[in-house]
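# Report on the structure
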Amino acid sequence: MPDTPAVVATPRSRVRVPLRFHDGYEADAEVVTFHGLADGREHVAVVLGEPGPVPLVRLHSECLTGDVFGSARCDCGPQLREAVERIAERGGVLLYLRQEGRGIGLYNKLDAYALQDEGLDTYEANAALGLPEDARDYTAAAQMLRALGIGELELLSNNPDKADQLRSLGIDVRDRVPTGVFTTAHNVRYLRAKVLQTQHTLPLAALAELNAG
């Protein structure tokens, strides 16, 4: 587990960006960039609504195929859309983290997709490529939160590792709030693997029934 970040990140710029999604939903956001992030990547914070003392926060890892092209092989695009609305209503921050493919990169993720087409699950495919099941580190996320003055939060996530890492980095995660369940004919095996391999909080029985069908 990572330790508390030694380097302090600071806000670099803030800009207002009106958001509009394919279904017509709109939200006004402030996008914040940073100096001094530990991994040197261009992560951004999307501030929505009026964050209170314990804001709702989501750590959303970049997914070009899901977020931009609407891929049905994952649930990333619908999770992003849901998170923006829920955070805007409550007040909080979405951290958009440049961690494509759970940190292995876009090309490797697409290579893993090819292996999944041969029958491997999402984690087995990474292992077959000699890559970690999940290479994400949330040190930069903790730096971003501190730079925004956030030391305690409620985390919008089904992934217990995100909460565990943030706590190890000194962020007080008061509660983990589950996201919705967004199934398609193409992502049921992917979602089921998340439950079995990394203990995501998703309804396993329902996913097993859909997978069998």
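Conventions and cut-offs
- Residues numbered from 1 in each chain as written.
- Predicted model: local features only at pLDDT ≥ 70, side-chain atom pairs only at ≥ 80, totals over all residues.
- Heavy atoms only, no water.
- Disulfide = S-S within 2.5 Å.
- Salt bridge = Lys/Arg side-chain N within 4 Å of Asp/Glu carboxyl O.
- Buried < 20%, exposed > 50% of the residue type's maximum accessible area, 1.4 Å probe, protein only.
- Helix = DSSP H or I, 4+ residues; strand = E, 2+ residues; numbered from the N terminus.
- Pairing = 2+ DSSP bridges.
- Axes fitted to C-alpha atoms, helices over the stretch in contact; angles between N-to-C directions.
- pLDDT = per-residue confidence, 0-100.
- Contact = heavy atoms within 4.5 Å.
- Polar contact = N/O pair within 3.5 Å; in protein donor to acceptor, adjacent residues only side chain to side chain.
- Phe/Tyr/Trp six-rings, centres within 6.5 Å; stacked < 30°, edge-to-face > 60°.
- Lys NZ or Arg CZ within 6 Å of the ring centre and 35° of its normal.
- Patch = residues over 30% accessible without salt bridge, like charges linked within 9 Å, V, L, I, M, F, W, Y side chains within 5 Å.
- Areas by Shrake-Rupley, 256 points an atom, 1.4 Å probe, with all protein chains shown as cover.

By the definition in use, this model includes 0 disulfides. You can see cysteine 74 has no disulfide; the closest cysteine sulfur is in cysteine 76, sitting 3.5 Å from it.

Moving on: the pattern of salt bridges. One pass over the structure, following the stated rule, counts 13 salt bridges. With a shortest N-O distance of 3.6 Å, glutamate 26 and arginine 20 are connected by a salt bridge. Owing to a relative accessible area of 66%, arginine 20 belongs among the exposed residues under this scheme. With its nearest N and O atoms 3.1 Å apart, the salt bridge here joins arginine 73 to aspartate 117. With a gap of 44 residues between them, arginine 73 in the loop between helix 1 (64-68) and helix 2 (76-90) and aspartate 117 in the loop between helix 3 (106-116) and helix 4 (122-128) connect regions that are remote in the sequence. The exposure class assigned to aspartate 117 is exposed, which follows from its relative accessible area of 57%.

A word on the sheet that holds strand 6 (residues 152-156). The 7 strands lie next to each other as 1-2-3-5-4-6-7, forming an open sheet whose pairing is mixed. Of all the strands in the sheet, the pair left with one neighbour each is strand 1 (10-20) and strand 7 (172-177). Averaged over neighbouring strand pairs, the angle between their axes works out to 30 degrees when direction is ignored. By the bridge criterion, 6 bridges tie strand 4 (residues 56-61) to strand 5 (residues 92-97) in an arrangement that is parallel. Across the sheet, the residue bridging to leucine 56 is glycine 92, located in strand 5.

Taken residue by residue, the protein chain gives an average pLDDT of 88. The fraction at 70 or more is 82%. Within the model, pLDDT remains below 50 along residues 204-213, and this stretch shows 15 contacts once partners closer than five positions in the same chain are excluded.

What follows deals with helix 6 (residues 160-168). Listed in full, the buried residues belonging to helix 6 are Pro160, Lys162, Ala163, Gln165 and Leu166. Looking at where helix 6 begins, the residue whose side-chain oxygen comes 3.0 Å from the main-chain nitrogen of aspartate 161 is asparagine 159. Two residues or fewer past helix 6, glycine 170 is found with a positive phi of approximately 90 degrees.

Once that is clear, we can look at the pairing of strand 3 (residues 44-48). Across the 5 residues that make up strand 3, a large majority, 4, are buried. Pairing of strand 2 (residues 26-35) with strand 3 involves 4 bridges; the strand directions are antiparallel. For valine 32, the partnering residue across the bridge sits in strand 3 and is alanine 45. Across 5 bridges, the pairing between strand 3 and strand 5 is antiparallel. What sits directly across from valine 44, in strand 5, is tyrosine 96.

The relative placement of two aromatic rings is captured by the distance of their centres and the angle of their planes. With the rule as written, the count across this model stands at 1 aromatic pair. When the ring of phenylalanine 21 is compared with that of tyrosine 25, the centres are 6.3 Å apart and the planes differ by 40 degrees; the resulting orientation is tilted. By the burial criterion, phenylalanine 21 is buried, and tyrosine 25 matches it. Stacked on the ring of tyrosine 113, the Lys or Arg arginine 73 has its end atom at 4.2 Å from the ring centre. Directly above the aromatic system of phenylalanine 21 lies the positively charged group of arginine 81, at a separation of 5.7 Å from the ring centroid.

Residues Leu64, Val68 and Phe69 make up a contiguous nonpolar surface patch of about 310 Å² in total accessible area. You can see leucine 64 is positioned in helix 1. For leucine 64, a relative accessible area of 31% translates into the label partly exposed.

A few words now on unusual backbone geometry. Even without being a glycine, arginine 102 presents a positive backbone phi close to 55 degrees. In this structure, arginine 102 sits in the loop between strand 5 and helix 3. Of the residues examined, arginine 102 reaches a relative accessible area of 12% and is grouped as buried.

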